[in-house]
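# Structural description and commentary
Residues per chain, in single letters:
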Amino acid sequence: MPMTPFAPPTRVLMGPGPSDVHERVRLALARDTIGHLDPEFITLMDQIMGGLREVFCTDYQLTMPISAPGSAGQEAAIVNLLEPGDTFIACVNGVFGGRMAVMAERAGAKVVKVEQQWGRAIDVEALRDALKQNPTTKLVGFVHAETSTGVLSDAQAIAAVAQEFGALTLADTVTSLGGVPVKIQEWGIDAAYSGTQKCLSCPPGLSPVTFGPRAREAMDARKIPVQSWFLDLSLLTGYWSGAKRAYHHTAPVNALYGLHESLVMLLEEGLEAAWKRHSDTHLKLVEGLESLGLHMAVPAGERTPQLNAVMVPDGVDEAGVRAQLLQRHNLEIGAGLGPMAGKIWRIGLMGQSCTQRHVDLCIGALGEALNA
Ligand SMILES: *Cc1c(COP(=O)(O)O)cnc(C)c1O
């Protein structure tokens, strides 16, 4: 088959990510490529680190994007913070907590799981029991907004319990960052990673990470080098900071233009305003879904506004409805994963995809599909 230019359809993205990318970000991505050690590029890198600190609500110096999607930030945190034989407690209430546990096992850690029913928030008392039984735990990992189920856990309470037992805390903020308050420093979270294609509304491909002083001490005290050369933060730091930047890998120059522009846009709006937009729009969506006779999958106090899990009614063709939304309305919503496959739809209201217009389109299209 001959190669021809690819013209993607124009979709409205209301799934679990990527979200809609604003024209400003798309235009930024298309700007002239410059060298990755160009002095102008170094200025851009410094601005991105500053912007990420603001968005993570922290002063942590070691804050930068990893040159790969969210899973790479997740793996970077795990392989830098854990050494073989360390005890890691993984809070698991969905796909992404489960992945953390798998990564830690591969890093040679002794993994203890605090399992919670999918669709419910992490039980902080169950975590406390696990810490009592494993008092030498080095690191507690949890997913702030579990995208597989639409659940928001109490990050501040989890970090506080971990700290009581002298353990470090690692937060997955891939879906939460930019959509709900993420106060890394105030909450005492030692390390966190995120992604660009959820509430930051960039294309996928970068993973912002942040590490505080206690996490850095743990990394400095490592007995063996990080197994992954590419994700070794001690090497990445030489590239992203300091007076003289040492080549490590070639940064994805244009992707970083896009992230920079999205951070400019988010900070122009203001974090508080963005969080309020997500919670207000979420309430409108829930109202619309309930007016169609649909039921939310997660109890009211535990929902994360940017990912709405809704039960598929009995007798309705789950995949058929999604296909119809895509064909007739160019609208993408997500399916359930794992034990939720076929049982829920996942409707994202992330970043640029979180407006009243998106709610109206989705409710109108779903209503039409359910009536057919
Ligand atoms: C999307 C997501 C990830 C993985 O990010 P990728 O960019 O797909 O690698 C990890 N954790 C959560 C909570 C996510 O929503």
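Thresholds applied
- Residues numbered from 1 in each chain as written.
- Predicted model: local features only at pLDDT ≥ 70, side-chain atom pairs only at ≥ 80, totals over all residues.
- Heavy atoms only, no water.
- Helix = DSSP H or I, 4+ residues; strand = E, 2+ residues; numbered from the N terminus.
- Expected span 1.5 Å × (residues − 1).
- Buried < 20%, exposed > 50% of the residue type's maximum accessible area, 1.4 Å probe, protein only.
- Contact = heavy atoms within 4.5 Å.
- Polar contact = N/O pair within 3.5 Å; in protein donor to acceptor, adjacent residues only side chain to side chain.
- Domains from an automatic or database assignment.
- Buried area = accessible area lost by both parts, 1.4 Å probe.
- Salt bridge = Lys/Arg side-chain N within 4 Å of Asp/Glu carboxyl O.
- Pairing = 2+ DSSP bridges.
- Axes fitted to C-alpha atoms, helices over the stretch in contact; angles between N-to-C directions.

## What to know about helix α12 (residues 356-371)
In this model, α12 (16 residues) spans 22 Å end to end at C-alpha, consistent with the 22 Å of a helix rising 1.5 Å per residue. Every buried residue belonging to α12 is among H358, V359, C362, I363, A365, L366, G367 and A369, and all of these are buried. Elements in contact with the buried residues of α12: β1 (12-14), α10 (271-291), α11 (318-329), β12 (331-335) and β13 (344-348). Two or three places before R357, at the start of α12, stands the capping residue T355, its side-chain oxygen 3.3 Å from that residue's backbone nitrogen.

## A word on the domain arrangement of the protein chain
When the domains of the protein chain are assigned, the result is domain 1 (12-17 + 271-371) and domain 2 (23-267). The gap between the C-alpha centroids of domain 1 and domain 2 is 27 Å. Every contact between the two is made by 24 residues of domain 1 and, on the other side, 30 residues of domain 2. Surface buried jointly by domain 1 and domain 2 totals about 2100 Å² across both partners, of which 65% is contributed by carbon and sulfur atoms. The three residues of domain 1 that bury the most area against domain 2 are L271, W275 and E302, which together make up 31% of that side's buried surface. Counting across the interface, domain 1 meets domain 2 through 1 salt bridge. R120 serves as the salt-bridge partner of E302, at 2.8 Å between the closest nitrogen and oxygen. At the level of secondary structure, the elements contributing two or more residues to the side of domain 1 that touches domain 2 comprise α10, β11 (307-311) and β13. In terms of residue count, the dominant contributor to the side of domain 1 that touches domain 2 is α10 (4 residues).

## With respect to the side chain of H36
Position of H36 among the secondary structure elements: in the loop between α1 (23-29) and α2 (39-56). Classification of H36 by relative accessible area gives buried; the value is 14%. In this structure the side chain of H36 is engaged in a polar contact, spanning 2.4 Å, whose partner is the side chain of Y239. The contacts of H36, once residues within four sequence positions are left out, are F41, I42, M45, Y239, Y247, H249, T250, A251 and V253.

## Concerning the sheet that holds β1
The mixed open sheet is built from 4 strands, whose spatial order is β1-β12-β13-β11. Edge positions in the sheet fall to β1 and β11, since each has one partner strand and no second. On average, adjacent strands in this sheet sit at an angle of 35 degrees to one another, irrespective of strand direction. Judged from the 3 bridges that link them, β1 and β12 form a sheet pairing that is parallel. In the sheet register, L13 faces β12, and the bridge partner there is E332. Along the sheet, α11 contacts β12 and β13; its crossing angle with β12, the most-contacted strand, is approximately 160 degrees. Sheet contacts for α12: β1, β12 and β13; angle to β1, the most-contacted strand, approximately 85 degrees.

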